[in-house]
Amino acid sequence: TRFQSDDTWSLDLGAAGCAQQPLPQPVHRSGPFGEVAVSAACQHGWLQVHSTVQQLAERIQPAQYASFRAFWQAVDATLNAPVPTLLSAAAQVAAR
């Protein structure tokens, strides 16, 4: 593995907020250059989002540059996809 990332972030929604929180579907994409996975869970009042990224390719040939760039653009899009919450806009700003 050339690069690996494993991250989790949490947001306190409270027990009532967690019970009503719709969760995004898990995402797992893999290809010749690596893989990305994102999942969300809401437990004990906390929304937790877990993501992993692995770049498996050791060497990228010039002919692969466009595909390699597309892989990382897909990773960026996956990791930057919003997770909608039922919190008010003011509470979301305060949580940052």
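Residues numbered from 1 in each chain as written. Predicted model: local features only at pLDDT ≥ 70, side-chain atom pairs only at ≥ 80, totals over all residues. Heavy atoms only, no water.

*Asks:* Provide a residue-level description of the overall build of the protein chain, including the pertinent values.
*Replies:* Regarding its fold elements, the protein chain presents three helices and four strands. Ordered by position from N to C terminus, the α and β elements of the protein chain give β-α-β-β-β-α-α. When burial is assessed residue by residue, the protein chain has 25% of its 96 residues classed as buried. Taking as baseline every contact in the protein chain between residues at least 6 positions apart, the subset at least 24 positions apart corresponds to 62%. (Helix = DSSP H or I, 4+ residues; strand = E, 2+ residues; numbered from the N terminus. Buried < 20%, exposed > 50% of the residue type's maximum accessible area, 1.4 Å probe, protein only. Contact = heavy atoms within 4.5 Å.)

*Asks:* Tell me about the pairing of strand E2 (residues 27-30), residues and numbers included.
*Replies:* Direction of pairing for E2 relative to strand E3 (residues 34-43): antiparallel, over a ladder of four bridges. Bridged to Val-27 within E3 is Val-38. Connecting E2 to the next strand, E3, in antiparallel fashion are three residues. (Pairing = 2+ DSSP bridges.)

*Asks:* Tell me what's going on with the sheet that holds E3, and back it up with residues and numbers.
*Replies:* Hydrogen bonding along the main chain pairs the strands of a sheet, whether they run parallel or antiparallel. Strand order in the open sheet formed by four strands is E1-E4-E3-E2, with antiparallel pairing between adjacent strands. The sheet is open, and its two borders are formed by strand E1 (3-12) and E2, each paired with just one other strand. Adjacent strand axes in the sheet meet at a mean angle of 10° when their direction is disregarded. (Axes fitted to C-alpha atoms, helices over the stretch in contact; angles between N-to-C directions.)

*Asks:* Summarise the environment of Gly-34; cite the residues concerned and give the values.
*Replies:* Among the structural elements, Gly-34 can be located in strand E3. We classify Gly-34 as buried; its relative accessible area is 0%. Through-space distance from the C-alpha of Gly-34 to that of Val-53 is 7.5 Å; in sequence the pair is 19 residues apart. Those residues in contact with Gly-34 that lie beyond four places of it in its chain are Arg-29, Gln-54, Gln-55, Leu-56 and Phe-71.

*Asks:* Lay out the side chain of Ser-51 in plain terms, naming residues and giving numbers.
*Replies:* Looking at where Ser-51 falls in the secondary structure, it is placed in strand E4 (residues 46-55). Beyond its immediate sequence surroundings of up to four residues, Ser-51 is in contact with Ser-5, Asp-6, Asp-7, Ala-37, Val-38 and Leu-79.

*Asks:* Explain the side chain of Gln-55 to me, and be specific about the residues and the numbers.
*Replies:* By the element assignment, Gln-55 lies in strand E4. Residue contacts for Gln-55: discarding those within four places in its chain leaves Thr-1, Arg-2, Phe-3, Phe-33, Gly-34, Phe-68 and Trp-72.

*Asks:* Quick rundown of the packing of aromatic side chains? Include the residues and the values.
*Replies:* In total, this model carries four aromatic pairs according to the counting rule given. Relative to Phe-68, the ring of Phe-33 has its centre 5.5 Å away and its plane inclined at 75°; by these criteria the two rings are edge-to-face. Taken as a pair, Phe-33 in the loop between E2 and E3 and Phe-68 in helix H2 (residues 65-79) lie far apart in primary sequence, 35 residues in all. Residue classification places Phe-33 among the buried positions, given a relative accessible area of 8%. With centroids separated by 6.4 Å and ring planes inclined at 45°, the aromatic side chains of Phe-33 and Phe-71 adopt a geometry described as tilted. Here Phe-71 lies in helix H2 and Phe-33 lies in the loop between E2 and E3, a separation of 38 residues in the sequence. The same class applies to Phe-33 as to Phe-71, namely buried. An aromatic cluster of at least three residues, connected via ring pairs, comprises Phe-3, Phe-33, Phe-68, Phe-71 and Trp-72. (Phe/Tyr/Trp six-rings, centres within 6.5 Å; stacked < 30°, edge-to-face > 60°.)

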